[in-house]
Structure formats: C-alpha cells, structure tokens
Amino acid sequence: MAETEKKKVIKPIKNFSLEEYISSGHRACQGCAEVLAVRHVLKAIGPDMILAMATGCMEIISSPYPLTSWNVPWIHVAFENAAAVASGVESGLKALRRKGRVPDKDITIVAMGGDGGTTDIGFQALSGMMERGHKVIYVCVDNEAYMNTGIQRSSSTPFGATTTTSPAGKNAPAGQMTWKKDMVAIAAAHGIPYTATACPSFFTDLQKKVQKAKEIQGPSYIHILSVCPTGWRIQPNKAIEYGQLAVDSGVFPLYEVEQGIWKLNRKPKELKPVSEYFKGQGRYRHLDESLTTEIQEKINSRWKKLLDQCGEKTEK
Amino acid sequence: MGRKVGVEVSIAAADAVGLCDVDVVAAYPITPQTHVVEHLSELCASGELDAEFVPVESEHSAMSVCCGSSAAGARTFTSTSAQGLALMAEIVFIASSMRFPIVMLLANRALSAPLSIWNDHSDTMMVRDSGWIQIFCENGQEVYDAIFHSFRVAEDPRVSLPVMINVDGFNLTHVIEPIEFWSKEMVGKYLPPFKPLYTLHPSKVVSMGAFGMPEIYTEARKAQDEALWKSYPVIKQGWDELAELTGRKYSPVECYKTEGADTIILAMGSICETASLAVDKMREDGKKVGLVKLRLWRPLPVDDIKKALRGAKDVLVLDRAVSFGAANAPVTSEIRSIMYHEPDRPNVHNIIAGLGGRDVTPDHVIKMVESALVDTNYGYNIFGVRS
Ligand SMILES: Cc1ncc(C[n+]2csc(CCOP(=O)(O)OP(=O)(O)O)c2C)c(N)n1
Ligand code: SF4
C-alpha cells in the first residue's frame, strides 16, 4: 500500500490527466509559460474544483464576454481579493454541505493571482486567508512584473530587471533597485501545512506539488515562476529554456516546506552562472559586470542558506 | 404573533439574521455596527445559528468573502459603517454587477476627516450609484423587519441583487426599543429557502465575472439598471405580505399629515421621528405642514414621490450629507429633478442637518421650515453652523 503510494508520487506522469480544463483559443501571447502553468495546475487537480482568480493576464486572456476558456467553475471578482473570494467560496460550500444543500462531494478550492495580485495588493487578503486556515490552494503565477498593465515592476520583480516603472538610468543603474520579496518564506511563516515553489519547465514536479497540496488539510501556497516572453524580452520559443535556467542557476530553486520541514527538490551538481540566465533577456541587457557579480553573490548566499534550511550538505 | 421584547436594535437585527438561517457571515468590527457582528458571533459560537462565521482581516475582504459565498449559493450577511464601507466600496459595486443577493446592514456614520463615529448619511451616499437596493429605517422594529424583507427581495429570482439596510448609527443601533420578534414559523412562511439561479459547482460549470469589451459593457450596464428598476414591485410585494403577517405596513414613500399641506418636509431615517413631532407641533399652531418619509432610496420610487408631493407649495428636503461643490445635496438633487417637469411644481428647499452626530430637535426642524420658506435662493444651507 505504502509502496504504491510512493510509486504514485515518484511517477506522477502516469496519473496525468488527458483532459484540458483551460481550452485552447485563449488570447495569451505566444509562448506564455504562465498559461502553461495554469494548465498544469488544473490538470493536477481535475474537474472537481472551483477556481477564484485575480485580475491579471490570465483573467483577461481567458474571459472576454461572452467567451470563456474555463472548463471548471471559475470566478473573477477583482485584482486584490482572489484569496478572500476563495475564502468565501470555501466557507459557503462548507455550510451548504453541512446543511445537506449541496452534494457531499470533495471539491478543491483554488485561488490564483499574478505576482502583483499576490505579493503586493493582494498580500493582506492572502495573509488573512492563510491565517484563518481555509482549505484553499493559493497559486501565485509569478512572471515577475505587472504584465497585464504593460510590464510594471512589482515587489516580485528581481533586482536588476528593467520594467516600465523600473527603467535603468543614472540614478537607478540596476533598473529594479530592490530585491525580490521572499513570498514563499512569508507564506511558510504563517505556519500553513504546505508551501512550495514550482515552474512549468519542470512540469512533473509542478503537478506532483499541486496534487500534494490538494490532499492537505488547510491552506497551501504554491509559487510558480512563469516565464513571460513579452515582459522578459525573449523569443516566444524560449520560455521553457529560461525556466530551466532560472532553476539551475539558483535564481529560482525548487523546494517545498511541508509541516515546517524544508526540502530541496532539485539540486544541480553545480549552479549555472547567473550571466548565462541573463543572456538574451532584454530586461537584463543594461547590467554591467559589477552588478552581475553583486547579483551572483546574493544568489550564492541565498542558495547556501536554502541548502542549510533543507538539511542538505554544502560543499566547502 | 411574535413576542415583544425590549432589546438593543443591533442585537435584534442580529437575531433576525440568525432566524433567517444564514449560511455565511463575514465580520469586521467598526463602530457603530460592532454589536451586530458581535452578537452573530455569539449565536454561531453557541450553536444557535449554523453558519460559517468568517472573521476577516478587513472590510475589503468582508465583501469579497460575501461575493464568494454568495456565488457558491450560500445565504450571506455582513455589516459595516463609514470607513469600512469606503474600504469595501470597490467590491460593493462589483457585488451588485455580479448580481449577488447579499444583505448588508449599514450603521450610518459620518466619513473621516475629521474622524467621527457619529451618525449622518455621508457613507451611504458615497455608494448611492453602486446598484444596490437601499432602504432606510426609522425605528428598531423597522430594522428588525427589514432583515427578513431584504433577504426575501434580494434572493427573489426576479431580483437577485444585494440589499443595503441603512440604520442610523447610535441613534438607532444603540437604543433599546420594544421590538416584536418573529417566530420561526413566521419566517418559514415569509422567507423561502435561497435557490440561486447559478452557482459555482463542478456539476454545472459556469464562468462568473468575465471581462467586458466595449461592445458589451453598455448592454451590461443597461441590463443592470433594468434589473434594479424591476425590483420595485418585488420590494412592494414583500412589504405587502409582511403587513399581512405582522400587521405592520411599510411602503416606499410614507405620508404623515400631508393632506392639505402647503409645506412638506421630506426626510429619510430616524430623523423622521423628530420631524413628525415638529409637524405635530406646527399643525397644532394651525400651520399646514406635513411629512414625507422616503424609505426606499434605490430604486427611487419616482411616481410615489410625485404623488406624495402633489399639491404642496413648498418642499423642504432634509439631507444628511454634503455633496461638495454641487448644486444641492444628494436627496434634494433627486427631488428637484423629479419635480421639475411637474405642473405646479413646488419650490424645493434644501437644508443639510445633523452631520457627524449633531443633534436635531423638533424645534430645530420648525426653525428650518421657517427659514426655508423665506429663502428664495434654492441652493442649499447647512443648518446650525456656528461662526
Ligand atoms: C485596484 C486595482 N488597481 C489596479 C488595477 C490594474 N491592474 C489590473 S491587472 C494589474 C497587474 C497584474 O499583474 P500581476 O498580478 O503580476 O499579474 P500578470 O498580469 O502579470 O499575470 C493591474 C495593476 C486593478 N485592476 N485594480
Ligand atoms: S504578457 Fe506575458 S504573462 Fe501575459 S499573456 Fe503575454 S506572455 Fe503571458
């Protein structure tokens, strides 16, 4: 029994749904990895779900009335409140099920927002949802800027990236002059049972994590790096590659925090240099060597800390 | 028949919500509505009310939770006031556009700054155009009855719109009044179970809250406006059947001693009781003065107002909010535009009074009438400003 369970987790590809819950014909840009992330999340959960979504790219590309791309029940209310709307859906269903007014069926409630709708304006609602303990999977699809309104910076935009509101210039040589907010650690610090990072470039890992979150009692938080060719100024056929590079350079490590235990999910033998990840991305074009070195040092120290948190041996 | 008890109006309102067997209550404290959600939390904790009590982290999330639970098909209630309403305003507009039959008790309070926790109507006027059904209450019994009526109207499939019950902060929320409680049987007769048209459930997949291109937005707005107007007969029917059940008759516009009146005062909320005392006094003095109480603020009962004011030479509208830099205060705006094309239209005077908890007595009202009748400026005046 335990053996089969283990197998299920190790080879989730066998359980992959062939169903599509977000249909083709949506209006995402070519090569958008954000919509790919959404597709994998939905596949991992299956049809018995309700999705509350924040305003942002994914909402706009999928729902120009009277069209819809959603093959699951879906609701959009506003930009900053996906977590609160999901809290309401979850509470409503809980009461209705208890009173026998809806079929007693297990339904997974998911809230989803971009990095802006999660780490900035939706931060408070998300914190409230996690603190109150609603059984909701919160998914942040992080493309590292406000893409829907035209590539403005967010608190999840990395140091050194240019956006339309963090352009590089004499007084701001790096473009974005602040470091990416560590939303995963903040979510984990709420003491919720499950937190993880993921990236559609590693889609088996992503689906496995979503499936895990689905089984967990209480809130869970999954932070997905979602490459945006438009905002990152890369070719549309490069999204998967840059996602892999982000993970293997330690820019966006894959790990999870389950019941307080940190675990690294992918450990490259050696981190690729960040310059390799930066190469070809228009948003990093202005970086000089010293800024690149500064960023590399930060990545190294963060990586060390993460290995430590995950109980991994660090090579001297 | 129900039993009559002396009870604080907030507590009675919460008890009424409990009798409606709500499924979800979203709660965030703000004076003077706090007692409402406090008592609901007690009812949930003790098991008297089987509902999910969601103690949110802000009013913005309170209304968002309400949208989510209402979309799931749950009977949903919340309550707020002033700054709380301002913070939730974004979602207040969305709730009506998405046709969620949420009921909210608004303990009317002045907006900041300066910070004031006392009563006027500036909070509700801020969301005047939000597409909610908005009713005003004059006393505790009206507040209590309004809870049952509001759920019934909001959830009626012909309506499916949220309802805001305006209750004057402190003046009503915190007073103890004799209130005739409803029995469970009465509620069962009056309020059918909530049967939403669409819900979020995997058994029937729907998308709610799509975005609207220019080709569709105007039509959506038109449909929403029509929906609000169409709620009028349902609101009236609800009040008529409430009268059959309780003997208490409510209507969108109510006339007090208006027969043969030359001068009519028009007001909303608890100030109507004060104004009616003033009318009594003036009638005793042989003055032909009457009072029109406006209970239904949205949708505005235009024809009822015309009928009620017909024959008057002068109308004095008592507003409880300022519309900064405008031609007149919010209620007067409506009355002036309604009466403009009427034959023998009355002079419509506008006095703003009772801001931020400033007391208004019957004598004040008499003074207002006297000053209005000699005023030919037809702008607006704020009563009792000390220089
Ligand atoms: C209260 C409010 N402020 C601003 C906006 C405008 N707005 C809509 S989407 C968006 C940015 C979305 O960015 P993000 O959450 O990162 O998602 P993305 O589009 O990048 O996927 C902004 C600023 C809004 N809809 N509501
Ligand atoms: S802007 Fe970026 S995130 Fe938005 S749809 Fe286009 S590629 Fe996807």
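Residues numbered from 1 in each chain as written. Chains lettered and ligands numbered in written order. Predicted model: local features only at pLDDT ≥ 70, side-chain atom pairs only at ≥ 80, totals over all residues. Heavy atoms only, no water.

Novice: I'd love a proper account of the overall build of chain A, names of residues and values included.
Specialist: A tally of helices and strands in chain A yields twelve helices and eight strands. In terms of principal-axis extent, the alpha carbons of chain A reach across some 65 × 50 × 35 Å. A total of 316 residues make up chain A; the buried ones form 57% of that total. Within chain A, contacts between residues separated by at least 24 positions form 69% of all contacts whose residues are at least 6 apart in sequence. In the structure as shown, chain A presents an accessible area of about 13,700 Å², 52% of it carried by carbon and sulfur atoms. With 40 positive and 32 negative side-chain charges, chain A shows a separation of 2 Å between the mean positions of the two kinds. (Helix = DSSP H or I, 4+ residues; strand = E, 2+ residues; numbered from the N terminus. Buried < 20%, exposed > 50% of the residue type's maximum accessible area, 1.4 Å probe, protein only. Contact = heavy atoms within 4.5 Å. Areas by Shrake-Rupley, 256 points an atom, 1.4 Å probe, with all protein chains shown as cover. Lys, Arg positive; Asp, Glu negative; His and termini not counted. Charge placed at Lys NZ, Arg CZ, Asp CG, Glu CD.)

Novice: For the overall build of chain B, give the residues involved together with the corresponding values.
Specialist: In terms of helices and strands, chain B carries twelve helices and 16 strands. Computed over C-alpha atoms, the radius of gyration of chain B comes to 21 Å, within 12% of the 21 Å expected from 2.2 N^0.38 for 387 residues, which places it in the range of a compact globule. Expressed along its principal axes, the backbone C-alpha trace of chain B runs to roughly 65 × 55 × 45 Å. Long-range pairs, those at least 24 residues apart, make up 81% of the contacts in chain B with a sequence separation of at least 6. Surface accessibility of chain B: about 15,300 Å² in total, with carbon and sulfur atoms responsible for 54%. (Rg over C-alpha atoms; globule rule 2.2 N^0.38 Å.)

Novice: Describe in detail helix α8 (residues 203-215) of chain A, supporting the description with residues and values.
Specialist: Side chains that are three or four residues apart share a direction in an α-helix, a result of its 3.6 residues per turn. All names here are of chain A. Look at α8: 19 Å from first C-alpha to last across 13 residues, which is about the 18 Å you get at 1.5 Å a residue. Looking at α8, one finds that the buried residues are D205, L206, Q207, K209, V210 and A213. For α8, the elements touching its buried residues are α2 (33-45), β4 (136-142), β5 (194-198), β6 (220-225) and β7 (255-258). (Expected span 1.5 Å × (residues − 1).)

Novice: Please set out helix α10 (residues 239-248) of chain A residue by residue, giving values where relevant.
Specialist: All names here are of chain A. With respect to burial, α10 is a largely interior element, seven of its ten residues being buried. All buried positions along α10 are accounted for by A239, Y242, G243, L245, A246, V247 and D248. At its buried positions, α10 is contacted by α2, β6, α9 (229-232) and α11 (274-278). Phi for G250, located one or two positions after α10, is positive at around 80°.

Novice: Summarise the environment of G379 of chain B; cite the residues concerned and give the values.
Specialist: Residues and elements named next belong to chain B. Position of G379 relative to the elements: it lies in the loop between α12 (362-373) and β16 (381-382). A relative accessible area of 23% means that G379 is categorised as partly exposed. Put simply, G379 and I351 are 28 residues apart on the chain and 9.0 Å apart in space, counted from C-alpha to C-alpha. Setting aside residues no more than four positions away along its own chain, G379 makes contact with A327, N328, R336 and N350.

Novice: How would you summarise unusual backbone geometry if you had to cite specific residues and measurements?
Specialist: Residues and elements named next belong to chain B. Residue A113 follows S112 across a cis peptide bond; omega there is -5°. On the secondary structure map, A113 appears in the loop between β5 (103-108) and α5 (122-126). Following A113, the chain continues to P114 via a peptide bond in cis, the omega torsion being -5°. Along the chain, P114 turns up in the loop between β5 and α5. Backbone geometry places D21, a non-glycine residue, at a positive phi of 50°. Tracing the backbone shows D21 in the loop between α1 (9-19) and β2 (24-27). The phi dihedral of F170 falls on the positive side, at around 60°, and the residue is not glycine. Residue placement: F170 occurs in the loop between β7 (163-168) and β8 (176-180).

Novice: Go over the interface of chain A and chain B, please, and point to the residues and values.
Specialist: Contacts between the two partners involve 42 residues from chain A, matched on the other side by 40 residues from chain B. Interface area, chain A with chain B, both sides summed: about 3,200 Å², of which 62% is carbon and sulfur. For the pair chain A and chain B, the number of links is seven salt bridges. Put simply, E52 of chain B and R98 of chain A hold a salt bridge, and the shortest N to O gap is 2.6 Å. Where chain A packs against chain B, one counts 19 residue pairs in polar contact (both at pLDDT 80 or more). Here the side of chain A that touches chain B gets twelve residues from one element, more than from any other, and that element is helix α4 (residues 82-98) of chain A. A per-class count over the side of chain A that touches chain B returns 22 nonpolar, twelve polar and eight charged. (Buried area = accessible area lost by both parts, 1.4 Å probe. Salt bridge = Lys/Arg side-chain N within 4 Å of Asp/Glu carboxyl O. Polar contact = N/O pair within 3.5 Å; in protein donor to acceptor, adjacent residues only side chain to side chain. Nonpolar A, V, L, I, M, F, W, Y, C, P; charged D, E, K, R; others polar.)

Novice: Quick one: what's the story with the side chain of S96 of chain B, residue by residue and with numbers?
Specialist: Residue and element names in this part refer to chain B. Summarising the element assignment, S96 is placed in helix α4 (residues 82-97). Within the structure, S96 has its side chain in polar contact with the backbone oxygen of F93 (distance 3.0 Å). Excluding its chain neighbours within four sequence positions, the residues that come into contact with S96 are S130, G131, W132, L161, P162 and Q224.

Novice: Which residues make up the confidence of the model for chain A, and what are the values?
Specialist: Taken over all residues, the pLDDT of chain A has a mean of 95, while the share at 70 or more is 95%. Confidence drops under a pLDDT of 50 for residues 1-8 of chain A, and excluding neighbours within four residues, the segment shows one contact in the predicted structure. (pLDDT = per-residue confidence, 0-100.)

Novice: So what's going on with the pattern of salt bridges? Residues and values would help.
Specialist: Under the counting rule described, the total for this entry stands at 38 salt bridges over all chains. Between E342 of chain B and R310 of chain B there is a salt bridge whose closest N-O contact spans 3.7 Å. Highlighted residues: E342 of chain B in the loop between α11 (330-339) and β15 (347-352) and R310 of chain B in the loop between α10 (302-309) and β14 (314-319), separated in sequence by 32 residues. Look at R310 of chain B and you get exposed, because its relative accessible area is 57%. One continuous salt-bridge network, built from bridges that share partners, spans K94 and R98 of chain A together with D50 and E52 of chain B.

Novice: Provide a residue-level description of the packing of aromatic side chains, including the pertinent values.
Specialist: All names here are of chain A. Enumeration over the complete set of coordinates arrives at 14 aromatic pairs over all chains. Ring geometry for W232 and Y277: centres 6.5 Å apart, planes at 90°, overall edge-to-face. Highlighted residues: W232 in helix α9 and Y277 in helix α11, separated in sequence by 45 residues. You can call W232 buried: its relative accessible area is 0%. Classification of Y277 as buried rests on a relative accessible area of 1%. (Phe/Tyr/Trp six-rings, centres within 6.5 Å; stacked < 30°, edge-to-face > 60°.)

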